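Here's the letter readout for the chains.
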Amino acid sequence: PPCVGQWPERPGLWVCRGEDPPRVARPAAMAEGALTQLLLQSQHPQTRAEAESRLQAGEAANPPAFFRELAIELATPTRPITARQLAGVVLKNALYAKSRGEYNKRRQRWVNAIPAEIKGVVRQAVVQTLQGEDHEARRTAASLLSKIAVIDILTESWPELLPSLLNIVQNGAKPLKLAALLALQYICEDLQTLDEDVSEATTDAIIGPVVQGMRDTSDPDVMCAAAKAFYPCVSLAGKHFENKQQRDWLINTIVQCAKQNQHAELQIAAYEVIVQIVEHHYDVMGDHMIQLGDMTATSIQQGPDKIALTSIEFWCTLADEELFRKEIEREARSNGTPPEIESRNFINQAKSSLIVLMLQSLTRGQKDDEEEEDTYSIAMAAQGCLQLLAQLLGDDVIEPVVAFVGANFRDQAWRKREAAILAYGSIVEGPSEDRMRQLVGGSLAELTAALNDSSLSVRDTTAWMLGRIAATHPDVLNVPALASLLGEKLRDHPRVAANICFVLHCIAEQASPGGAGPHAASTPLSPYFSDFIRLLVEVTQRRDGDQNGLRLSGYNAITTLISHAGQDCMPHMPQLLEAFATTLQQVLTSGMDTNCETACNLVGVLQVTSQRQPVQKAHADVLVSLYVQVQQKYKEAQGNPAALCEEPLIALTPIISALQGGFEEFLPILGPQLQEGLKYGDDVHVAKACVRLVGEIARALGTRMGPHAAALLESLYSQLNDQDVDRELKPSIVEALGDIAIAIGGAFHSCLATVVQTLQAASMTQVTAGNPRDEDWVRYLNSLRSAVLLTYSCIIHALRDGNIVEAFREHVNGVLDFVQRILAEKVYNADVLEASCSVVGDLIVAFGGQLVPHLAHAAWLQELVSAAHRHGGDAKKKADWMQLMRRSPGA
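Cut-offs and rules
- Residues numbered from 1 in each chain as written.
- Predicted model: local features only at pLDDT ≥ 70, side-chain atom pairs only at ≥ 80, totals over all residues.
- Heavy atoms only, no water.
- Helix = DSSP H or I, 4+ residues; strand = E, 2+ residues; numbered from the N terminus.
- Rg over C-alpha atoms; globule rule 2.2 N^0.38 Å.
- Buried < 20%, exposed > 50% of the residue type's maximum accessible area, 1.4 Å probe, protein only.
- Contact = heavy atoms within 4.5 Å.
- Areas by Shrake-Rupley, 256 points an atom, 1.4 Å probe, with all protein chains shown as cover.
- Lys, Arg positive; Asp, Glu negative; His and termini not counted.
- Charge placed at Lys NZ, Arg CZ, Asp CG, Glu CD.
- Core = buried A, V, L, I, M, F, W, Y, C linked by side-chain atoms within 4.5 Å.
- Phe/Tyr/Trp six-rings, centres within 6.5 Å; stacked < 30°, edge-to-face > 60°.
- Lys NZ or Arg CZ within 6 Å of the ring centre and 35° of its normal.
- Axes fitted to C-alpha atoms, helices over the stretch in contact; angles between N-to-C directions.
- Parallel < 35°, antiparallel > 145°, perpendicular 65-115°, else oblique.
- Left-handed = near helix turned anticlockwise from the far one by under 90°.
- Nonpolar A, V, L, I, M, F, W, Y, C, P; charged D, E, K, R; others polar.

*Asks:* It is not clear to me how the overall build of the protein should be interpreted in this structure. Could you clarify?
*Replies:* Per the secondary structure count, the protein includes 42 helices and 0 strands. Here the C-alpha radius of gyration of the protein, 32 Å, is about what a compact globule of 891 residues would show, namely 29 Å. In the protein, which comprises 891 residues, the share counted as buried stands at 53%. Of the contacts formed within the protein by residues at least 6 apart in sequence, a portion of 72% connects residues at least 24 apart. Per element, the accessible surface of the protein, about 40,000 Å² overall, is 49% carbon and sulfur. The protein carries 77 positive and 106 negative side-chain charges, and their two centres are separated by 3 Å.

Laid out in structure tokens, this is it:
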């Protein structure tokens with residue numbers, strides 16, 4: 001009998017017999033020097049492709065021999081250093097991959113497919129190189145050693161490694177100590193990146209030599225290397241920091257390193273470790289906060305700039321952590337539950353002196369008035385910290401900041417005037433809205449007057465602050481009173497004008513929802529709309545437009561003014577559409593826009609304009625022609641016939657929306673571009689835009705999509721099955737398959753088998769293929785699963801519309817099994833649960849009374865309903881609908 005809750009399988013379905021891979025004869029070792037030449041050839045453009053192909057073939061044919069030859073190459077001192085380094089890199093890449101799934105395959109190959117004697121040769125070669133005389137070879141060996149060590153540590157296959165590194169740090173010569181510490185640094189970085197479970201014994205074995213190095217006061221270089229190695233150790237040392245005695249020992253050790261003021265690199269490394277400790281072990285820092293607070297405060301006031309910057313980062317990290325914890329506390333209170341974590345309020349305890357310290361630091365810029373800060377200065381860091389303090393402390397920052405502003409706003413020194421405005425702008429968000437609205441409203445006249453200050457830096461910072469006000473308290477700004485001044489300042493220095501563009505952007509954005517939402521009948525900018533558009537066009541045409549991102553700021557402001565304009569500005573849109581189209585044509589024919597930057601910006605403007613102004617057929621002809629020309633120019637600029645520009649692809653959306661089925665006329669021109677974009681994996685944004693367009697075109701054309709579907713589906717299959725394609729692209733590809741299914745209805749039957757096979761492959765991705773504790777991985781997995789489930793629903797609907805849903809019968813079991821696997825792994829979110837309920841309900845509707853008896857006692861189905869009810873919202877509604885379909889199949 002079939003399993004409970006499973007559709008009866010047909011004979012022969014879902015049978016998979018594994019076969020042993022064919023054995024490959026082990027080739028003889030390469031001739032002396034052959035590998036050296038091959039590695040060197042991989043660096044030359046004329047021979048790179050063939051050399052890389054031969055290396056890949058060697059790895060595929062016989063991994064053990066490949067590993068052995070590379071290890072020998074790395075360890076042989078008489079070989080060219082470039083070849084030795086490349087051998088280490090190639091061997092490292094054979095052990096590691098960014099993709100978690102591919103990394104797991106390479107790790108398992110090392111564990112299971114490489115014989116013990118070959119592993120011994122590789123390990124010995126790496127250690128030998130690590131202890132050799134060549135510095136560059138030692139660095140390569142340290143990096144390779146970390147990849148081997150992480151695998152061997154987790155499988156307990158190389159127990160001698162960590163004790164031997166400790167012995168080197170204790171007894172080795174200085175170069176060997178530095179190499180061993182570098183290897184430990186890389187090992188910790190890899191363990192941190194992979195987020196593996198590391199035993200306490202392993203952590204002890206790593207931290208031991210690192211701390212030993214930090215306590216080697218006879219040699220600051222060794223101390224510095226050890227401090228850098230300790231940086232990635234911090235996140236792994238949870239047990240050590242939970243133990244007070246060990247915590248005190250570790251923190252006191254790093255504090256002693258931080259006090260070595262004769263050795264700047266060591267001090268910086270130590271302060272960076274202190275920041276890490278606060279970030280990862282906030283809860284246990286109470287006993288050390290006075291010491292660390294005093295030390296960092298002194299460094300901010302008296303220390304070198306790099307130390308002062310790291311000390312400010314210490315307080316920023318604390319503020320960030322406490323902001324996060326305050327949010328957790330607020331959510332818990334609103335839910336009537338105790339918070340999982342709580343703030344220790346370290347910032348609040350130090351607020352009085354800390355606010356003053358940051359205010360004093362605002363004057364510590366290094367630029368002259370006419371120069372822009374090209375490095376991250378103490379003033380910039382202090383401003384960022386003050387901004388965090390305002391969000392955390394709220395109204396408590398107002399009094400000291402207002403006092404500082406009052407004391408410095410009219411000072412003779414431009415730096416103090418700028419610091420006053422910088423402080424003021426830093427607190428516009430955080431304190432209560434009523435207090436800030438009253439404060440800003442009362443000082444707005446003096447503030448706007450500062451736009452005419454003799455100092456460029458003061459004008460620049462004033463314009464920045466107005467942007468902050470426009471973004472957070474837009475109702476304070478009197479647009480009629482400001483309009484003339486804002487227009488005048490668009491002609492100021494690029495630093496000022498770029499910020500004025502942002503002010504206009506914020507005013508427009510706050511005045512009307514825009515986008516997909518309803519537009520206001522009128523906005524404060526409506527009376528000045530055409531004037532500001534004209535002035536902003538002038539900004540984009542300024543000769544100094546490349547400075548300070550001014551030209552881009554101008555285009556951004558134009559697009560925002562158009563997309564958020566009130567309905568009373570609609571009469572301007574046809575004229576703007578034609579004007580910008582004409583400008584784009586002029587740019588394309590001028591030959592001046594060699595990198596296509598201006599053309600792409602104009603395409604963006606045309607996109608938002610055509611969203612506001614419904615596109616007629618005549619407009620569509622012009623715009624599509626222009627967009628095709630932009631793509632051609634972009635290919636020439638990139639020197640790549642396969643390259644595509646994202647902006648013209650996105651700009652097709654309003655044209656598709658307006659023409660619907662009429663857009664089919666352009667597919668002979670644009671279809672090949674879409675296929676190119678889907679295959680051009682070098683730019684994931686372009687590929688995403690192409691996938692999104694495929695879905696939009698399918699929805700617009702409906703059944704007229706049929707003749708064009710096959711070629712696009714082939715491109716989608718190719719991308720979905722390509723292991724090297726950016727994973728974030730795959731859910732969108734799966735959804736596009738569903739869009740095509742819905743569009744062509746019953747005609748989808750011809751490609752059903754291939755699409756289902758593709759969906760089944762995607763559905764086999766398990767949470768263990770990545771790191772289950774990695775939020776990005778889990779989010780991606782849920783996105784992929786939701787897309788697969790929704791696409792199954794689309795296929796079922798398409799086949800029902802074509803009265804051929806029976807063709808899906810043989811795939812029902814696979815869909816139900818997929819839902820069960822999702823429930824078993826318990827990493828689902830509300831979207832996945834909703835999609836699961838939806839597809840099960842669709843199957844019930846499609847197959848009615850034939851399927852319901854097999855679901856009657858399915859425990860997993862009740863688990864699905866319960867989980868959906870726990871998540872509530874749309875998931876619960878869909879679960880209730882599914883239950884209704886169970887009770888009344890076919891309804």
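Additional details are given in the paragraphs that follow.
*Asks:* I'm lost on the nonpolar core in this one. Help?
*Replies:* As a rule of thumb, soluble globular proteins bury nonpolar side chains together. Counting residues in each nonpolar core, the largest one holds 299 residues, and the members touching the most others are Phe663 and Phe808. Other than its neighbours up to four places away in sequence, phenylalanine 808 contacts Leu752, Val756, Tyr792, Ile795, Ile796, Leu799, Val815, Leu843 and Phe847.

*Asks:* When you look at the packing of aromatic side chains in this model, what are you seeing that I'm missing?
*Replies:* What characterises a pair of aromatic rings is the spacing of the ring centres plus the angle enclosed by the ring planes. Under the defined criterion, the tally for this structure stands at 8 aromatic pairs. Over the aromatic face of tyrosine 96 sits the side chain of lysine 147, whose NZ or CZ is 4.2 Å from the ring centroid. Just above the ring of tryptophan 881 sits the side chain of lysine 878; from NZ or CZ to the centre is 5.2 Å.

*Asks:* Before we go on, may I ask you to explain the packing of helix α9 (residues 174-194) against helix α10 (residues 200-214) in this structure?
*Replies:* When two helices pack together, their arrangement is captured by the angle between the axes and the distance separating the axes. Contact geometry of α9 with α10 gives a least axis separation of 10 Å together with a crossing angle of 140°. By the criterion of interaxial angle, the relationship of α9 to α10 is oblique. Both α9 and α10 take part in a crossing whose hand is left-handed. Across the interface between the two elements, Leu181, Leu184, Ile187, Cys188 and Leu191 of α9 pack against Ile206, Pro209 and Val210 of α10. Its residues assigned to classes, the contact of α9 with α10 comprises 8 nonpolar, no polar and no charged.

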